[in-house]
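# Observations on chain architecture
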Amino acid sequence: MFELFAVGLEMQKKMIDVQMQGVEAARDMVDAAQRNVTAGIAAQNAGEAGMKAMKGWMKLWGMRG
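One structure accompanies this document, and this report is about it.

### Digging into the overall build of the protein chain
The number of helices and strands found in the protein chain is one helix and zero strands. Over its C-alpha trace the protein chain gives a radius of gyration of 28 Å, far above what one expects of a compact globule, namely 11 Å for 65 residues. Once the C-alpha set of the protein chain is aligned to its principal axes, its extents read approximately 90 × 10 × 5 Å. Looking at the protein chain as a whole, 0% of its 65 residues qualify as buried. For the protein chain, the accessible surface area stands at approximately 6,200 Å², while carbon and sulfur atoms represent 67% of it.

### Points about a nonpolar patch on the surface
Taken together, Trp57, Leu60, Trp61 and Met63 make up a surface patch of nonpolar side chains, about 570 Å² in accessible area. Within the fold, Leu60 resides in helix H1 (residues 2-60).

### As for H1
Here H1 contains 59 residues, and its C-alpha end-to-end distance of 87 Å stays within 8% of the 87 Å for a straight helix at 1.5 Å per residue. Just past H1, the residue Gly62 takes up positive phi, approximately 80°.

### Brief notes about the pattern of salt bridges
Within the structure shown, the criterion is met by one salt bridge. Between Lys13 and Asp17 there is a salt bridge, with its nearest N and O atoms 3.3 Å apart. Placement of the pair is Lys13 and Asp17 together in helix H1, with a separation of four residues, close to one helical turn. Residue classification places Lys13 among the partly exposed residues on the basis of a relative accessible area of 45%. A relative accessible area of 36% means that Asp17 is categorised as partly exposed.

Criteria and cut-off values
- Residues numbered from 1 in each chain as written.
- Predicted model: local features only at pLDDT ≥ 70, side-chain atom pairs only at ≥ 80, totals over all residues.
- Heavy atoms only, no water.
- Helix = DSSP H or I, 4+ residues; strand = E, 2+ residues; numbered from the N terminus.
- Rg over C-alpha atoms; globule rule 2.2 N^0.38 Å.
- Buried < 20%, exposed > 50% of the residue type's maximum accessible area, 1.4 Å probe, protein only.
- Areas by Shrake-Rupley, 256 points an atom, 1.4 Å probe, with all protein chains shown as cover.
- Patch = residues over 30% accessible without salt bridge, like charges linked within 9 Å, V, L, I, M, F, W, Y side chains within 5 Å.
- Salt bridge = Lys/Arg side-chain N within 4 Å of Asp/Glu carboxyl O.
- Expected span 1.5 Å × (residues − 1).

Without other data, these values stay purely geometric and don't point to any function.
Structure, rendered in structure tokens:
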């Protein structure tokens, strides 16, 4: 009877370990998504700054922008 109980506890422990790995993987995915959003915002800001600079140069040289 004790052996059966020990086997049940071991199975439960393994299931908890698997669930924790899933939680960690989900956390990593959320972190990666947040980094992607931050990188996207930075790229958009850089693109806007580049457009402003280009428009400034075009205006300086008398071109229409």
